[in-house]
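# An overview of the molecular structure
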Amino acid sequence: MANSEYEYVKREFEYDRHLPPSNWIVVRIDGCHFHRYTFYLLCSIWSPPQAVRYFIFLFHRFSKIHAFEKPNDENALNLMNDCATAMLEKFPDIVFAYGVSDEYSFVFREETQFYHRRESKILSLCVSYFTSVYVMKWKDFFPNKELKEPPYFDARAVCYPNLKTIRDYLAWRQVDCHINNQYNTCFWMLVKSGKSEQEAQLALKGTFAKDKNELLAQQFQIKYDDEPAMFRKGSSVYREKVETTVKTDDYGNPIKRPRLKVTVAHIDIIGPEFWENHQHILREGKFMLEFVKKIGIGHMLPPCNWIVIRINACQFDQFSIMHSFDKPNDETALRLMNASASLMMERYPDIVFGYGFSNEYSFVFHEKTELYQRQESQILSSCSSCFTSLYMTKWKEFFPKKELVQTPRFEAEALCCPKLKIVCEYLSWRQAECHAANQYDTCFWMLVKSGKSEKEAHEILKGTLSKDKNELLFHQFQMNYNNEPVMFRKGSCIYQQKVEELSGAEGGNNGTRERWDVKVDHVDLGPGFWQKHPLIMTNC
């Protein structure tokens, strides 16, 4: 790490929130701009006209773009279940998962020390990996349907103090599944029968479960209890003990041992029977559904502060080796990072600046942003998920002859800066890190390519200063470090730039109009840059 005058921004302003010990951790992941018809819930918060307008907005997002079947798309649900299965296979500390529609809850065991219980790391890594698997497996479930828009998810972490509240939480989610699905089934049957969406809403207004069951039976000859269990009860994912053949004896007879295998089931988890038969997951407790909603109020980032979200690729060395990235810098991989970051700025209008190098990118949100009401968990998780999704969907454009063989995943953390000066010094710190890391890597890989072992290269560079490295490159390899590509030395910044273009005016006269385009630049982020671009941080 570069030891620079700007490093105080990490020490004094970065959040490092640890979730409390001896608590079960639940990470709940939700699709951003997927469609879920929970009109009855929104009407309890908003007026019905507000809820209707919100639904019109949601309806035109991800599920409609990809023509998901209503009220349930079995392939879409199975894709979610496959992602959840991959999560349990990847992260041993997840002991149970429950999913419905575009939502999945992951229960981490109470003694977990995953990422030392750092909330930002747990949230961003989980949601990034989930997103990565979702994109990777899309073709398995929709072989004839192109992924037209990158999916992304947000997440929150909630801590529950004992087994009773964990059981209650899961029961609450399954109750929600039943209520939502029963409403959706009625709603879409009415719409398919010829009613408008507004007429269907009015027909269901004030109805109870019994009324909806009667409506389905009398008008559509549907017995609700005969609907697929996955739709009515959601999906539970857990490790089940199964007899597995581990080897054969000298006579060819199979030798079996009990092993834990990840299983997906659509069963009742409200009653005690499931938990009594699966005591290795959780122990029995009592039930009280309502108060679990009140636990774990989201942490809000302070108002009137600039928010910086820094995203880093996890296990990037392994990822870069598997995909044969050039060392010390792969120009195509860096351009892919820049393209993903540029699209992030288009997706999140409150991002006013981005800076990235190697496997990281920092995004500066305007001090007045109200994204997710400044709730830290949702900002972190949605940014991490969106960046992962964009990176994967852009992969083929930059690496047309290189198959994506491992799911990339990114973690994120937040930093709050009360003054613009601190934001600028944070960016200077990251650029100092870029310079130090790239200068070291350039020397290291030149030594390795010249025949030194990696261990020998590390020993040669141990304790060297910047001047020493420049001399090494010049004398041993006839390289002037300052002539290396500026993207490698200074990193990449993205910002909105005002562009004037010709436009046809009335009477046939050509005029000009202004628009803002995202620009990728490779420059020194000293005071001169900000003096030259005074509008970057104020335009939002």
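Look a little higher up for the structure.
The following refers to the structure shown. The model shown is predicted, which means the values in this text are computed figures rather than measured ones.

## Some thoughts on the overall build of the chain
- Secondary structure assignment for the chain yields 19 helices and 12 strands.
- Looking at the chain as a whole, 51% of its 540 residues are labelled buried.
- Long-range contacts, defined as pairs at least 24 residues apart, comprise 74% of the intrachain contacts of the chain with a sequence gap of at least 6.
- Here the chain has roughly 26,300 Å² of accessible surface; of this, 51% comes from carbon and sulfur atoms.

## Quick word on the packing of helix α15 (residues 420-449) against helix α17 (residues 466-477)
- Orientation of α15 relative to α17, taken along the N-to-C sense of each, is 35°, at an axis distance of 10 Å. Like other packed secondary-structure pairs, α15 and α17 cross with a definite hand, here left-handed. In contact with His-435, Gln-439, Tyr-440, Thr-442, Cys-443, Met-446 and Leu-447 of α15, α17 contributes Ser-466, Lys-469, Asn-470, Leu-472, Leu-473, Gln-476 and Phe-477.

## Comments concerning the pattern of salt bridges
- If you walk through the whole model with that rule in mind, you get 18 salt bridges.
- For the salt bridge of Asp-93 with Arg-109, the shortest nitrogen-to-oxygen distance reads 3.0 Å. On the criterion of sequence distance, the pair formed by Asp-93 in the loop between α5 (74-90) and β2 (94-100) and Arg-109 in the loop between β3 (103-108) and α6 (119-141) is long-range, its members being 16 residues apart.
- Judged by relative accessible area, Asp-93 falls into the buried class, the value being 15%.
- Several salt bridges share partner residues, and in doing so they unite Arg-118, Lys-121, Arg-310, Glu-411 and Glu-413 into one network.

## Focus on the nonpolar core
- Counting 81 residues, the largest nonpolar core has Phe-106, Ile-309 and Phe-363 as its most contacted members.
- The element contributing the most residues to this core is α6, with 12 residues.
- The residues touching Phe-106, leaving out its near neighbours within four places in the chain, are Ile-25, Val-26, Val-27, Ile-29, Ala-84, Met-87, Leu-88, Ile-94, Phe-96, Ala-97 and Phe-130.
- One finds Val-9, Trp-306, Val-364 and Trp-429 within the second-largest nonpolar core, a separate group that totals 26 residues.

## Digging into the pairing of strand β9 (residues 360-365)
- By the criterion of burial, β9 is predominantly enclosed, with six of the six residues buried.
- Here six bridges tie strand β7 (residues 306-313) to β9, and the two strands are oriented antiparallel to one another. From the neighbouring strand, Val-308 faces β9, where its bridge partner is Val-364.
- Relative to β9, strand β8 (residues 351-357) runs antiparallel, the two being bridged by six bridges. Across the sheet, residue Phe-353 finds its bridge partner in β9, namely Val-364.
- The loop that links β8 with its antiparallel partner β9 comprises two residues; one of these, Ser-358, has a positive phi angle of about 50°.

## A look at unusual backbone geometry
- Cis geometry is adopted by the peptide bond preceding Pro-71, which originates at Lys-70 and carries an omega value of 5°.
- With an omega dihedral of 5°, the bond running from Lys-327 to Pro-328 counts as a cis peptide bond.
- Take Pro-328: it is sitting in the loop between α12 (316-322) and α13 (331-347).
- The phi torsion at Tyr-115 lies on the positive side, around 50°, for a residue other than glycine.
- Within the secondary structure layout, Tyr-115 lies in the loop between β3 and α6.

## Here's the deal with the packing of aromatic side chains
- As enumerated under the stated definition, the model contains 50 aromatic pairs in all.
- Measuring from centroid to centroid gives 5.2 Å for Phe-114 and Tyr-115, while their planes differ by 80°, and the two rings are edge-to-face.
- Using a relative accessible area of 28% as the deciding quantity, one classes Tyr-115 as partly exposed.
- Here the aromatic rings of Tyr-348 and Phe-365 are separated by 6.2 Å at their centres, their planes lie at 80°, and the arrangement is edge-to-face. In this pair, Tyr-348 is assigned in the loop between α13 and β8 and Phe-365 in strand β9, connecting sequence segments 17 residues apart.

## Section: the environment of Asp-73
- Looking at the element boundaries, Asp-73 is found in the loop between α4 (62-65) and α5.
- Along the backbone, Asp-73 and Phe-231 are 158 residues apart, and their C-alpha atoms lie at a distance of 9.3 Å.
- Dropping the residues within four chain positions of it, Asp-73 is found in contact with Ala-67, Phe-68 and Phe-142.
- A distance of 3.1 Å separates a polar side-chain atom of Asp-73 from the backbone nitrogen of Asn-75.
- Of note is the side chain of Asp-73, whose polar atom sits 3.0 Å from the backbone nitrogen of Ala-76.

## What about the state of the cysteines?
- Applying the stated criterion across every chain, the model contains zero disulfides.
- There is no disulfide at Cys-383, and the cysteine sulfur nearest it, in Cys-386, is 7.5 Å away.
- Residue class for Cys-383 comes out buried when judged on its relative accessible area of 0%.

## Observations concerning the pairing of strand β4 (residues 153-160)
- Extensive coverage of β4 is indicated by the burial of seven of its eight residues.
- Sheet topology places strand β1 (residues 24-31) next to β4; eight bridges connect them, and they run antiparallel. Bridge pairing in β4 places Asp-30 opposite Asp-154.

Reading the values: rules and limits
Think of each chain on its own: its residues are numbered from 1, step by step along the sequence as written. Local features in this predicted model are restricted to residues of pLDDT 70 or higher, and side-chain atom pairs are both shown and tallied only at a pLDDT of 80 or more, whereas totals for entire chains, interfaces and linings draw on every residue. In computing side-chain properties, one takes all heavy atoms of the structure into account and sets aside hydrogens as well as water. Runs of E in the DSSP output that reach at least two residues are strands. Runs of H or I that reach at least four are helices, and both are numbered from the N terminus. Per-residue accessibility, obtained with a 1.4 Å probe over protein chains only, is compared with the maximum for each type, and a residue is labelled buried under 20%, exposed over 50%, and partly exposed between these values. Throughout, a residue-residue contact means that at least one pair of heavy atoms, one from each residue, lies within 4.5 Å. Shrake-Rupley sampling with a 1.4 Å probe provides the accessible areas, and residues are treated as covered by the protein chains on show and by no other component. Axis lines are fitted to C-alpha atoms, over the contacting stretch for helices. Their N-to-C directions set the angle, which ranges from 0 to 180 degrees. Put simply, a crossing is left-handed when the front helix is turned counterclockwise from the back one by less than a right angle, and right-handed when it is turned clockwise. By definition, a salt bridge exists where a carboxyl oxygen of Asp or Glu is found within 4 Å of a side-chain nitrogen of Lys or Arg. Nine residue types can take part in a nonpolar core, namely buried Ala, Val, Leu, Ile, Met, Phe, Trp, Tyr and Cys, and a core is a set of them joined through side-chain atoms within 4.5 Å. Only strands joined by at least two bridges in the DSSP assignment are considered to pair. Aromatic contacts are taken between Phe, Tyr and Trp rings whose centres are within 6.5 Å, Trp giving its six-membered ring; a plane angle under 30 degrees counts as stacked, one over 60 as edge-to-face, and the others as tilted. Polar contact criterion, stated in full: a pair of N or O atoms within 3.5 Å, where within protein one must be able to donate a hydrogen and the other to accept it, and residues adjacent in sequence count only if both atoms are side-chain atoms. Only a pair of cysteine sulfur atoms within 2.5 Å qualifies as a disulfide here.

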